[in-house]
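# Examining the three-dimensional arrangement
So the chains spell out like this:
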Amino acid sequence: MLQSMKLDIQALIDRLGCDHGSMHDDLVGLFVCSACRAAGRDRRQVFFTCIPDYEGQQRARNRDWKPTFEREG
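Residues numbered from 1 in each chain as written. Predicted model: local features only at pLDDT ≥ 70, side-chain atom pairs only at ≥ 80, totals over all residues. Heavy atoms only, no water.

### Considering the overall build of the chain
Within the chain, the secondary structure is distributed over 4 helices and 0 strands. Element order for the chain, N to C, with α for helix and β for strand: α-α-α-α. In terms of overall size, the chain is more extended than a compact globule, its C-alpha atoms giving a radius of gyration of 20 Å where 73 residues would be expected to give roughly 11 Å. Across its three principal directions, the C-alpha atoms of the chain cover 70 × 35 × 20 Å. Among the 73 residues that make up the chain, the fraction classed as buried is 8%. When the accessible area of the chain is evaluated, it comes to approximately 7500 Å², of which 52% is carbon and sulfur surface. (Helix = DSSP H or I, 4+ residues; strand = E, 2+ residues; numbered from the N terminus. Rg over C-alpha atoms; globule rule 2.2 N^0.38 Å. Buried < 20%, exposed > 50% of the residue type's maximum accessible area, 1.4 Å probe, protein only. Areas by Shrake-Rupley, 256 points an atom, 1.4 Å probe, with all protein chains shown as cover.)

As structure tokens, then:
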């Protein structure tokens, strides 16, 4: 059973400090699968995947966009 969750990067920086390493090996030991822990299973490997906030980027682009009704040419 695979589970995923979003990380609050700013909260992680606040907790660990801005000088803490951000590579996989720097972070993997800090996280534990909560479902595995609750079930009493041994520690399982944790993986990280960075997924950009495309929706937030699109909102920012659209916020400043103003339609023009001029014809090209």
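Anyway, onward from the coordinates.
### Concerning the environment of valine 28
Secondary-structure assignment places valine 28 in the loop between helix H2 (24-27) and helix H3 (34-38). Look at valine 28 and you get partly exposed, because its relative accessible area is 24%. For valine 28, the residues in contact, after removing those within four places along its chain, are Arg43, Val46 and Phe48. (Contact = heavy atoms within 4.5 Å.)

### A word on the environment of phenylalanine 69
Mapped onto the secondary structure, phenylalanine 69 falls in the segment after helix H4 (54-63). For phenylalanine 69, a relative accessible area of 78% gives the class exposed. With 30 residues separating them in the primary sequence, phenylalanine 69 and alanine 39 have C-alpha atoms 61 Å apart.

### Description of the packing of aromatic side chains
The tally for this structure, following the rule as stated, stands at 1 aromatic pair. An angle of 75° between the planes, with centres 5.4 Å apart, marks the rings of phenylalanine 31 and phenylalanine 48 as edge-to-face. Of this pair, phenylalanine 31 sits in the loop between H2 and H3 while phenylalanine 48 sits in the loop between H3 and H4, and the two are 17 residues apart along the sequence. For phenylalanine 31, a relative accessible area of 18% translates into the label buried. (Phe/Tyr/Trp six-rings, centres within 6.5 Å; stacked < 30°, edge-to-face > 60°.)

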